Amino acid sequence: MKKILIVFFLLFMVTGCTKIEEKNYDDLIMGMINCQQVVANEHRAGYTYYRPKGLRILDNTGTNEIFAQDNNVYYLYVDLVSYYNKVVVDYVEKKDVVYSKKISNGDYFGYLEIKNTTNNQYFIEIMYNYAKIEVIVPKEVVKHSVAYAMSILTSIKYQDTVLKSLMEESSLKASEVEYNIFETADTESGYLQIIEEYGQYQDENENVDPDFIKR
């Protein structure tokens, strides 16, 4: 049964909405943005989002969440204050990294940055729609991880009425962790501490999400 699921997964990766391996990063990002969104299955104070089945929640503290998918650990931070205040920051592309690109889609903006780490893996940082995901993965799954991250980021829907109430009560500001999604991170600092805490992760019972692989 497991082999059948793997074949099914690979088939859709080749024929689905986003042909991940055949696309460059620019086309992959826009492909994920333009794909039809699925219904949210996670609900938080002030926003909702869609979490693919392949991602399991390891920790959830306010607007910070940690996911696991295969052996990879993803860190998500949603910046409700910046969204509420409609903060706009222009990303300056870099030349000294593996990949650096500003993302622009109407009123939505962000960036994708990929760096080599000291253990020759790839540190992926994606900021979009006032949220940010970081993950360290082997080279062969970089594009798949970018697609997973964009699947979440593009699905986030903010609830303005709820956010207005939270802001007026000052409860949102008081609970926010000081973290700037508009600045790129140091691969040797904060994110690697998460890896050290949670280590490598794998759950063979977690099925591949058909909604994601068709995107």
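You'll find the structure just up there.
A brief report on the enclosed structure follows.

## Describing the overall build of the chain
Here is step 1 of the chain: When helices and strands are tallied, the chain shows eight helices and ten strands.
Here is step 2 of the chain: Every one of the 215 residues in the chain was classed for burial, and the buried ones make up 49%.
Here is step 3 of the chain: Across the chain, the fraction of contacts at a sequence separation of at least 24, relative to all contacts at a separation of at least 6, is 59%.
Here is step 4 of the chain: Total accessible area on the chain stands at roughly 11300 Å², and carbon and sulfur atoms take up 50% of it.

## Digging into the packing of aromatic side chains
Remark: the centre distance and the inter-plane angle together describe each pair of aromatic rings, the angle taken between the planes.
Here is step 1 of the chain: Tallying each qualifying case throughout the model produces nine aromatic pairs.
Here is step 2 of the chain: For the pair tyrosine 91 and tyrosine 111, a centre-to-centre distance of 4.5 Å together with 15° between the ring planes defines the contact as stacked. In this pair, tyrosine 91 is assigned in the loop between α3 (80-84) and β6 (99-105) and tyrosine 111 in strand β7 (residues 108-116), connecting sequence segments 20 residues apart.
Here is step 3 of the chain: For the pair phenylalanine 109 and tyrosine 130, a centre-to-centre distance of 5.5 Å together with 85° between the ring planes defines the contact as edge-to-face. Of the two residues, phenylalanine 109 sits in strand β7 while tyrosine 130 sits in the loop between β8 (122-128) and β9 (131-137), which places them 21 residues apart along the sequence. Grouping residues by exposure puts phenylalanine 109 and tyrosine 130 together as buried.
Here is step 4 of the chain: Positioned above the aromatic ring of tyrosine 83 is the side chain of lysine 86, whose terminal nitrogen or guanidinium carbon lies 3.9 Å from the ring centre.
Here is step 5 of the chain: Positioned over the ring face of tyrosine 25 is lysine 143, at 5.7 Å from the centre of the ring.

## Details of the sheet that holds β8
Here is step 1 of the chain: Pairing within the open sheet is antiparallel, and its seven strands lie in the order β3-β4-β5-β9-β8-β7-β6. For this open sheet the edge positions go to β3 (56-61) and β6, each flanked by a neighbour on one side alone. Strand-to-strand twist in this sheet, taken as the mean axis angle between neighbours without regard to direction, amounts to 15°.
Here is step 2 of the chain: Note: β3 against strand β4 (residues 64-69), five bridges, orientation antiparallel.

## Regarding helix α5 (residues 160-169)
Here is step 1 of the chain: Those residues of α5 lying buried are Leu163, Leu166 and Met167. Buried residues of α5, viewed axially, fall in a sector of 100°; they line one side. Turned more than 90 degrees from where α5 packs its buried face, Thr161, Glu168 and Glu169 sit exposed.

## A short note on the environment of aspartate 96
Here is step 1 of the chain: One can find aspartate 96 in the loop between α3 and β6.
Here is step 2 of the chain: Given the relative accessible area of 68%, aspartate 96 is considered exposed.
Here is step 3 of the chain: Each C-alpha atom of the pair aspartate 96 and lysine 115 lies 8.7 Å from the other, and the pair is 19 residues apart in sequence.

## Section: the sheet that holds strand β1 (residues 42-44)
Here is step 1 of the chain: Ordered in space as β1-β2-β10, the three strands form an open sheet in which the pairing is antiparallel. The open sheet has two edge strands, β1 and β10 (157-158), and neither has a second partner.
Here is step 2 of the chain: Inspection of the sheet shows β1 paired to strand β2 (residues 47-49) by three bridges, in the antiparallel sense. Bridge pairing in β2 places glutamate 42 opposite tyrosine 49.

## Remarks on the environment of cysteine 35
Here is step 1 of the chain: Mapped onto the secondary structure, cysteine 35 falls in the loop between α2 (25-34) and β1.
Here is step 2 of the chain: The sequence separation of cysteine 35 and threonine 154 amounts to 119 residues, and the corresponding C-alpha distance is 9.5 Å.

Calculation criteria
Residues numbered from 1 in each chain as written. Predicted model: local features only at pLDDT ≥ 70, side-chain atom pairs only at ≥ 80, totals over all residues. Heavy atoms only, no water. Helix = DSSP H or I, 4+ residues; strand = E, 2+ residues; numbered from the N terminus. Buried < 20%, exposed > 50% of the residue type's maximum accessible area, 1.4 Å probe, protein only. Contact = heavy atoms within 4.5 Å. Areas by Shrake-Rupley, 256 points an atom, 1.4 Å probe, with all protein chains shown as cover. Phe/Tyr/Trp six-rings, centres within 6.5 Å; stacked < 30°, edge-to-face > 60°. Lys NZ or Arg CZ within 6 Å of the ring centre and 35° of its normal. Pairing = 2+ DSSP bridges. Axes fitted to C-alpha atoms, helices over the stretch in contact; angles between N-to-C directions. Arc of directions from axis to C-beta.

Interpretation in functional terms is not warranted from these geometric data alone.
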